[in-house]
Every structure is written in structure tokens, then in C-alpha cells.
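Next come the chains, spelled out residue by residue.
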Amino acid sequence: MFKANYKRPNTGSGELRTPVGFYRNAPNDGPEPGETVLKQLYECYAQVYAPSNKDRQILNDHDTSRAVTIKIRDSRGQYVANNDDVCVIDDYRYIDSKGNNIVWNVIDVRPDFEDDKFVVIVLGVVTS
């Protein structure tokens, strides 16, 4: 009889090495209406990697020019990401042509089913 020797990939603190910050639009302080100021909600370290095929299926529904998937520790309610939030990845590889950090839209949030301690977030730059 064949015995499967599958070992779940372990994600530890060594893989969470890229700083990320989550923001949401907040109202302007002045008398003008609108929401242009980004209010920081949460910052942490993340594991950043290319989207999987499952993530690409989700991204097909959105008009994204670039996409990335991140894995962060589950904050157990301190911060819960949603689709109104944006994310900034603090890494030189995620800087636009003008030298600014790319602002990523949160496309999908799901718990990591292999390890309950983490949350997987699919990010994309929406073109429309």
C-alpha cells in the first residue's frame, strides 16, 4: 500500500520579511468634500509571491494590469481586510516609473486553509 508523505509547507517568521501597510480613504480635513487622504489601518510583514492559478481566476473578474498575492499573520480581529482597503508594499521592486510606491487594491481576502495562523490577500492594480 502506498503511503503519502505530504508535508505541509511551513511559513514562519523568516518568510514574512516584506513590510506592507493597509490604508483606507478618509474624509478631507478642510471644507472641500471628498476623500483623498489615506488613513493607515494596519502595518505588518508579509510573504509576497506571484498569484496562483486560483488567484488568477479571481483576477479575471477585475480589470487588473498587475497582480500579487501576499500572506500575512491573522491578527485575530485587530485588522480585517476588505475590498475598500488599499495596500502599499514597501519594496524597491514595487515602485512605479515616477518613484512612488504602487498602491494595490485589495481584490480578495481568504483564510489560509493550510495554516490557520495566516490570511491570504490577493492584490491588484485596477486599470479602469
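Anything mentioned here points back to the structure above.
S.K.: Looking at this structure, I do not really get the overall build of the chain. What am I missing?
M.R.: Along the backbone of the chain there are 1 helix and 6 strands. Across the chain, helices and strands are ordered from the amino to the carboxyl terminus as β-β-α-β-β-β-β. For the C-alpha atoms alone, the extent of the chain along its principal axes is close to 75 × 30 × 25 Å. Across the 128 residues of the chain, 34% fall into the buried class. Counting only contacts in the chain whose residues sit at least 6 apart along the sequence, the fraction spanning at least 24 positions is 56%. About 8,700 Å² of surface is accessible on the chain, with carbon and sulfur atoms providing 47% of the total. For the chain, the centre of its 16 positive side-chain charges and the centre of its 19 negative side-chain charges are spaced 10 Å apart.

S.K.: How do you make sense of the nonpolar core when you look at a structure like this?
M.R.: For soluble globular proteins, nonpolar side chains are generally found buried alongside one another. Judged by nonpolar contacts, the single largest core of 20 residues is most densely connected at Phe22, Ile70, Ile72, Ile89, Trp104, Ile121 and Leu123. Those elements that provide at least two residues to this core are strand S1 (18–26), strand S2 (37–49), strand S3 (64–73), strand S4 (86–89), strand S5 (103–111) and strand S6 (118–126). By residue number, the principal contributor to this core is S6, which donates 4 residues. Each residue touching isoleucine 89, except ones within four places of it in the same chain, is listed here: Thr18, Pro19, Val20, Val48, Val68, Ile70, Tyr94, Asn101, Ile102, Trp104 and Leu123.

About the criteria used
Residues numbered from 1 in each chain as written. Predicted model: local features only at pLDDT ≥ 70, side-chain atom pairs only at ≥ 80, totals over all residues. Heavy atoms only, no water. Helix = DSSP H or I, 4+ residues; strand = E, 2+ residues; numbered from the N terminus. Buried < 20%, exposed > 50% of the residue type's maximum accessible area, 1.4 Å probe, protein only. Contact = heavy atoms within 4.5 Å. Areas by Shrake-Rupley, 256 points an atom, 1.4 Å probe, with all protein chains shown as cover. Lys, Arg positive; Asp, Glu negative; His and termini not counted. Charge placed at Lys NZ, Arg CZ, Asp CG, Glu CD. Core = buried A, V, L, I, M, F, W, Y, C linked by side-chain atoms within 4.5 Å.

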